[in-house]
Amino acid sequence: MEVKIGGRIISEYSRPYFIADIAANHDGDINRAYHLIELAKEAGADAAKFQNFKAETIVSKNGFESIGSQLSHQSSWKKSVYETYEDASLPNEWSEKLKKKCDEVGIEYMTSPYDFDSVDIAEQYVNAYKIGSGDITWLEILEYIAQRQKPVLLATGASDLEDVKRAMQTIQKYNKQIILMQCNTNYTASDLNFSHINLNVLKTYHELYPDCILGLSDHTFGHVTVLGAYMLGARVFEKHFTDDNDREGPDHKFSMNPITWKQMVCACEELQEALGDGIKRIENNETDTVNIQRRAYYLQRDLSKGETLKEEDVFPLRPVKEGSVLPFQKEEVFGKKIRRNMQKDECLKWEDIENAERN
C-alpha cells in the first residue's frame, strides 16, 4: 500500500512523514504563521498543517456556557471557549497565502477543515485532508471529504473501535487512500498521558486494515511515542508545533518546538536506519572485527613435517587469518599430517594439512 501526498510517496518502507500542526499557534498573526512554516521546514517537517473553521460552525456558545465551567485543557484558557475559537479561526484569504508560503519554503501545505465551506476553500490548495478526531462521528463531513479523492488522514482520539469502523466504512465507500492514525485527545501536557496513548492499538488497526498506512497524532511531550509507533508500523506522525512553549494560547503548552522537533526527526530516522532489512549477514563495517574477534587454531608446540595433528596440539586464539582452520572445523584436520615444520604459536592453515578438505 502506498499513499502519495504531493511529491512524497508514503509506504511501509519509506522514511517517516512528519506533520507540524501549527493549528492555533499563529496567534492570529499571519507573519507568525509564515515564521512557523519556515521553522517547521528547518526542523525537518514534511508538512505544515493548519485548521480551517469558524467558531460558529464548530462550537456552540450557549452549549459551552451552560456547562458552567471549562473542562480538561480548556480550564486553563483565559477566554471563553467560543472566544478562543474565534481568535484561532483563520480568515478565508489566509489559505492562498499560507499555501504560497509553503510552496516557497518547500514544505507541504495541509489543513483540517471543520465544515463544508472550509473543505471547499481548502480543495484548491491541499493534496490531502486531515480529519480531526472530534469529527469521527460526523459521517456527512467524512463523506464530503472522502469524495474529493485525495488522501485522507483520519485521527481516532476519544473514540472506540466501533467509531473507527463506522468512520472507515464511510470513507472507504469513496476513497481507499487512508492514513489511519492512533490518537489520544488529552491536551493537558501531563506525564500521566503516556499511560493512555495505547500505541498497541496500531496492531489492531493493522489486523483490521492491512492495506492502510498507519500513523500517530500525538500530544505527549518528547518523542518516545513516535519511536514506539514507528516500531509498530506507523509511518505518518503529527504533533503540534510552536516556537515558544511559554506563549499564551490553547496549543503552545503541549507543542513541540524547533529543537525538540529536530531531535524527534533525527531519532526516528536513526531508528529506521538501525532496523535494517532483517537479513542476517556480516555487515560491511564488521569485516575487520570479524577477523580480530573470532578465533582460529594456533599451535601449542613445535611440530615437524609429517607429524599427526592432535587436539592437544592446538588451541583457539584470536585473530583469524586468511585460510585459518576455525574451531568448528576441527574434525576435518585432527588425525591428519602436517605438510611442513611449524613453530609454536603459528596459525594453523588449511594449506598446512595433508589431504584436508575444507568444509
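The coordinates are above.
Residues numbered from 1 in each chain as written. Predicted model: local features only at pLDDT ≥ 70, side-chain atom pairs only at ≥ 80, totals over all residues. Heavy atoms only, no water.

Undergrad: For this particular structure, what's the right way to read the overall build of the chain?
TA: When you go through the chain residue by residue, the secondary structure sums to 11 helices and 12 strands. For the chain, the proportion of its 359 residues judged to be buried stands at 46%. Across the chain, every contact between residues at least 6 apart in sequence was considered, and the portion connecting residues at least 24 apart equals 66%. Accessible area for the chain stands at about 18200 Å²; split by element, carbon and sulfur atoms hold 46% of it. (Helix = DSSP H or I, 4+ residues; strand = E, 2+ residues; numbered from the N terminus. Buried < 20%, exposed > 50% of the residue type's maximum accessible area, 1.4 Å probe, protein only. Contact = heavy atoms within 4.5 Å. Areas by Shrake-Rupley, 256 points an atom, 1.4 Å probe, with all protein chains shown as cover.)

Undergrad: Teacher, can you tell me more about the environment of Val3 here?
TA: Relative to the helices and strands, Val3 is located in strand E1 (residues 2-5). Assessed through its relative accessible area of 1%, Val3 is described here as buried. Between the alpha carbons of Val3 and Ser190 there is a distance of 33 Å; along the sequence they are 187 residues apart.

Undergrad: Got a minute to help me understand the side chain of Asn52 in this structure?
TA: For Asn52, the location among the structural elements is in strand E4 (residues 47-52). Within the structure, the side chain of Asn52 is placed 2.5 Å from the side chain of Thr111, a separation counted as a polar contact. Residues in contact with Asn52, not counting those within four places in the same chain, are Leu90, Ser95, Tyr109, Thr111, Ser112, Pro113, Tyr114, Asp115 and Ser118. (Polar contact = N/O pair within 3.5 Å; in protein donor to acceptor, adjacent residues only side chain to side chain.)

Undergrad: Sorry if this is basic, but what is going on with the packing of aromatic side chains here?
TA: Two aromatic rings are characterised by how far apart their centres lie and by the angle between their planes. Under the defined criterion, the tally for this structure stands at 9 aromatic pairs. Aromatic pair Phe116 and Trp138: ring centres 5.3 Å apart, planes at 70 degrees, arrangement edge-to-face. You can see Phe116 sitting in helix H5 (residues 116-123) and its partner Trp138 sitting in the loop between strand E6 (129-131) and helix H6 (139-146), a full 22 residues away along the chain. On the basis of relative accessibility, which here comes to 28%, the residue Trp138 falls in the partly exposed class. Ring centres of Phe116 and Tyr144 lie 4.9 Å apart, and the angle between their planes is 85 degrees; this geometry places the pair in the edge-to-face category. Pair noted here: Phe116 is in helix H5 and Tyr144 is in helix H6, with a separation of 28 residues, a long-range link. Through a chain of ring-to-ring contacts, three or more aromatic side chains come together here, namely Phe18, Phe237, Phe241 and Trp261. A cation sits over an aromatic face here: Arg235 above Tyr230, 3.8 Å from the ring centre. (Phe/Tyr/Trp six-rings, centres within 6.5 Å; stacked < 30°, edge-to-face > 60°. Lys NZ or Arg CZ within 6 Å of the ring centre and 35° of its normal.)

Undergrad: Please clarify how the nonpolar core should be interpreted in this entry.
TA: A general tendency of soluble globular proteins is for nonpolar side chains to be buried together. With 59 residues, the main nonpolar core has Phe50, Leu98, Leu180, Phe237 and Trp261 as its most contacted residues. Ranked by residue count, the leading element in this core is helix H1 (residues 30-43), at 7 residues. (Core = buried A, V, L, I, M, F, W, Y, C linked by side-chain atoms within 4.5 Å.)

Undergrad: Help me out: how do you make sense of the pairing of strand E11 (residues 296-299) in this one?
TA: Side-chain positions along a regular strand alternate between the two faces of the sheet. Because side chains alternate across E11, one face comprises the buried residues Ala296 and Tyr298, and the other comprises Tyr297 and Leu299, equally buried. The sheet contact formed by E11 and strand E12 (residues 314-317) spans 4 bridges and is antiparallel. Bridge pairing links Leu299 to Val314 in E12. (Pairing = 2+ DSSP bridges.)

Undergrad: Please explain the pattern of salt bridges as it appears in this structure.
TA: Side chains bearing opposite charge may pair, as long as their charged atoms lie close to each other. Considering all chains together, one arrives at 25 salt bridges under this definition. Residues Lys330 and Glu311 are paired through a salt bridge, measuring 3.7 Å at the closest nitrogen-oxygen approach. Of this pair, Lys330 sits in the segment after E12 while Glu311 is found in the loop between E11 and E12, placing the two residues 19 residues apart along the sequence. Owing to a relative accessible area of 47%, Glu311 belongs among the partly exposed residues under this scheme. (Salt bridge = Lys/Arg side-chain N within 4 Å of Asp/Glu carboxyl O.)

Undergrad: Even after reading the chapter, I still don't get the environment of Ser217, so can you show me in this structure?
TA: The topology assignment puts Ser217 in strand E9 (residues 213-218). Leaving out residues up to four positions away in the same chain, Ser217 has contacts with Lys130, Ala155, Met181, Gln182, Cys183, Asn184 and Glu238. Among the polar contacts listed, one links the side chain of Ser217 to the side chain of Glu238, at a separation of 2.6 Å.

Undergrad: Help me understand a nonpolar patch on the surface in this model?
TA: A cluster of nonpolar residues, Phe194, Phe221 and Val224, forms a patch on the protein surface that exposes about 260 Å² of accessible area. Here Phe194 lies in the loop between strand E8 (178-183) and helix H8 (201-208). We classify Phe194 as partly exposed; its relative accessible area is 30%. (Patch = residues over 30% accessible without salt bridge, like charges linked within 9 Å, V, L, I, M, F, W, Y side chains within 5 Å.)

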